[in-house]
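Chains, contacts and geometry: an overview
So the chains spell out like this:
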Amino acid sequence: MYLSHEEFKGSSPLLRSGRHIPCKTESFRNPLTPAGIISVSSGSRSRGTYTPKSTAARLHAEAWRTIHQREWQVEHRIPAALFPILPSTIFLTAGLAQSRRGRPWQRWFTARGGPNRLPLHALATNAIVALARMHGAGIPFPTFLPLNDFAPAARWIAECKREGRSCAVWGFASPCVRVAAAALTLGLDISGTLFVTGGEALSEAKASLLARAQAEAIATYYISEVGCVGAACRQMSASNSVHVHEDEVAVISWRQQIPGTEAEVNALLVTTLLPFAPHVLINAEMGDAGDLETASCDCLFAKLGFRRKISGIYSYSKLTGQGVTLVGTSLVRLLEETLPARFGGGPGDYQLVELEGSAQTELMLRVSSRTGVRSTEPVREWFLKEIRNHFGGSLAARVWQHSAGFTVMLAEPLTTGGKILPLVLLKPEHGGSHEAQDVSRL
């Protein structure tokens, strides 16, 4: 018994033994879970997955947060955040939880995406924060970072360090690494800072750069529709590994071939266990891979009995760069049909590659010379406009623009297993070629 990621998302029919079982994502909602704060996963469809999480689920998550922070030894550190504004709601749920613990974020740094860009999202975010503060929540108003500039966050952390206190910063992995890179470039001392990362793989390259800044890194593994699958202990600070929350989920691996390739991965299948889990899932594939092992550490998690470990986590069916999720199969139509219809060429002439850059996860759109395209600027502008037309795309476009993490280049698509695929998700330890005739970077 299993459920594929595409079946869960409703983009592929659920067929078993020749029988079609009508269903959609909402069909897997837990009927015993009352409505609560709704989280919405980003996606490249017309809308993401709406997941109501009950008060019981939030309290369970906050209990785990207490255990996490005790293991991470963050009580003496100044808490801060690097999360996006609306349409992402993570700033609200995480901020409220941190406030309820009595240790609210002292600063919240975020990307606006350019001068006067998406003003309604910024205004709505400030309104929500103001309302939360009126009711006693300790959520700071966002501090908007200049375009492609993470130096203000690095300077603030360094100032705290000069005053004798280190910081604990929660955020997606790439923005955290960009802060560390800015500190190294400016010669700022942020040593002792703990970055609690999520949303994308904490690859060796990212962990290495954080280590160069003498900062620590902790990986967490969240799935919006499930909850927290696991979190790393301090002894896992140099690897993309987590202890599984075995009270919350059961995880097994399934060796399978990635559609359209000759590659095989250890796909992770998740079963929800809590009576107040937002969805009832049995062996559900969520598009991630990793290796299941027994942890040998003596950390707090292990002492509490959580010795199941997932190492080397990465996504193989969806883009997760900089914490923004865009489902791969939905992008294929854009790459193989819509782009060729607009600019020329055909299937195999446009390829989107996710890879590890020097300081962040980057997305590269490779455009073949067969298309007849001579300038990447029109392709860049049109592609981002199309992305914004999908739910989650507006967030993606804003995040990529702010971080300069999206590149369009005139270069032949990469060959994988003798085939040219429209979407290439390189494993974290791989790199990628950045040579091109004409590069347009946001």
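Predicted model only: the values in this text are computed from it and were never measured.

Definitions and cut-offs
- Residues numbered from 1 in each chain as written.
- Predicted model: local features only at pLDDT ≥ 70, side-chain atom pairs only at ≥ 80, totals over all residues.
- Heavy atoms only, no water.
- Helix = DSSP H or I, 4+ residues; strand = E, 2+ residues; numbered from the N terminus.
- Buried < 20%, exposed > 50% of the residue type's maximum accessible area, 1.4 Å probe, protein only.
- Contact = heavy atoms within 4.5 Å.
- Areas by Shrake-Rupley, 256 points an atom, 1.4 Å probe, with all protein chains shown as cover.
- Axes fitted to C-alpha atoms, helices over the stretch in contact; angles between N-to-C directions.
- Parallel < 35°, antiparallel > 145°, perpendicular 65-115°, else oblique.
- Expected span 1.5 Å × (residues − 1).
- Polar contact = N/O pair within 3.5 Å; in protein donor to acceptor, adjacent residues only side chain to side chain.
- Core = buried A, V, L, I, M, F, W, Y, C linked by side-chain atoms within 4.5 Å.
- Pairing = 2+ DSSP bridges.
- Disulfide = S-S within 2.5 Å.
- Phe/Tyr/Trp six-rings, centres within 6.5 Å; stacked < 30°, edge-to-face > 60°.
- Lys NZ or Arg CZ within 6 Å of the ring centre and 35° of its normal.

Check the secondary structure of the protein chain and you find 11 helices and 23 strands. A burial count over the protein chain gives 58% of its 442 residues as buried. In the protein chain, of all internal contacts separated by at least 6 residues, the share reaching a separation of at least 24 is 68%. In the structure as shown, the protein chain presents an accessible area of about 18300 Å², 53% of it carried by carbon and sulfur atoms.

Okay, the packing of helix H5 (residues 151-162) against helix H6 (residues 173-186) next. Direction vectors running N to C along H5 and H6 enclose 75 degrees, while the axes themselves pass 8 Å from each other. Here H6 runs roughly perpendicular to H5, going by the angle between their axes. On the side of H5, the interface is formed by Ala 151, Ala 153, Ala 154, Arg 155 and Ile 157, while H6 contributes Val 179, Ala 182, Ala 183 and Leu 186.

A few words now on helix H2 (residues 55-72). Taking 1.5 Å of rise per residue, the 18 residues of H2 would be expected to cover 26 Å, and the 25 Å separating its terminal C-alpha atoms lies within 8% of that figure. Turning to H2, its buried residues number three or more, namely Ala 57, Arg 58, His 60, Glu 62, Trp 64, Arg 65, His 68, Gln 69, Glu 71 and Trp 72.

Along the chain, the position of Gln 98 falls in helix H3 (residues 90-100). On the accessibility criterion, Gln 98 (0% relative accessible area) is buried. From its side chain, Gln 98 meets the backbone oxygen of Arg 103 in a polar contact 3.0 Å long. Setting aside residues up to four positions removed in sequence, Gln 98 forms contacts with Arg 65, Gln 69, Pro 79, Arg 103, Pro 104, Trp 105 and Trp 170.

Moving on: the nonpolar core. One finds Trp 72 and Phe 195 to be the most contacted residues of the largest nonpolar core, which totals 63 residues. Counting residues per element, this core draws most heavily on H6, at seven residues. Setting aside anything within four residues of it in sequence, one finds Trp 72 in contact with Trp 170, Leu 194, Val 196, Ile 218, Thr 220, Ala 231, Ala 232, Cys 233, Arg 234 and Phe 301. One finds Val 226, Val 244, Val 249 and Met 286 within the second-largest nonpolar core, a separate group that totals 20 residues.

Before going further, it helps to spend a moment on the sheet that holds strand E12 (residues 241-244). Taken together, 12 strands build an open sheet; the order of strands is E7-E6-E5-E8-E9-E10-E11-E12-E16-E15-E14-E13 and the sheet is mixed. Of all the strands in the sheet, just strand E7 (143-145) and strand E13 (249-257) have a single pairing partner and so form its edges. For this sheet, the mean inter-axis angle between neighbouring strands, taken without regard to orientation, is 35 degrees. Across three bridges, the pairing between strand E14 (residues 264-272) and strand E15 (residues 284-294) is antiparallel. Across the sheet, Leu 269 pairs through a bridge with Glu 285, a residue of E15.

With phi around 55 degrees, Ser 17 is a residue other than glycine that occupies positive phi space. Within the element layout of this structure, Ser 17 appears in the loop between strand E1 (15-16) and strand E2 (19-20). Assessed through its relative accessible area of 84%, Ser 17 is described here as exposed.

On inspection of all chains with the given rule, the structure shows zero disulfides. Cysteine Cys 160 shares no disulfide, and the gap to the nearest cysteine sulfur, in Cys 167, comes to 3.9 Å.

Right, let's talk about H5 for a bit. Across its 12 residues, H5 extends 16 Å between first and last C-alpha, which sits within 8% of the 16 Å expected from 1.5 Å per residue. Listed as buried for H5 are Ala 151, Ala 153, Ala 154, Trp 156, Ile 157, Ala 158 and Cys 160. Here the buried face of H5 lies against strand E5 (78-82), strand E6 (107-111), E7, strand E8 (167-172), H6 and strand E9 (194-198). A positive phi of about 100 degrees marks Gly 164, the residue just after H5.

So, about the packing of aromatic side chains. Within the structure shown, the criterion is met by 10 aromatic pairs. Relative to Trp 108, the ring of Phe 91 has its centre 4.8 Å away and its plane inclined at 15 degrees; by these criteria the two rings are stacked. On the criterion of sequence distance, the pair formed by Phe 91 in helix H3 and Trp 108 in strand E6 is long-range, its members being 17 residues apart. Using a relative accessible area of 0% as the deciding quantity, one classes Trp 108 as buried. The structure contains a cluster of three or more aromatic residues connected by ring pairs, namely Trp 64, Phe 301 and Phe 306. Cation over ring: Arg 16 sits above Tyr 2, and NZ or CZ is 4.3 Å from the ring centre.

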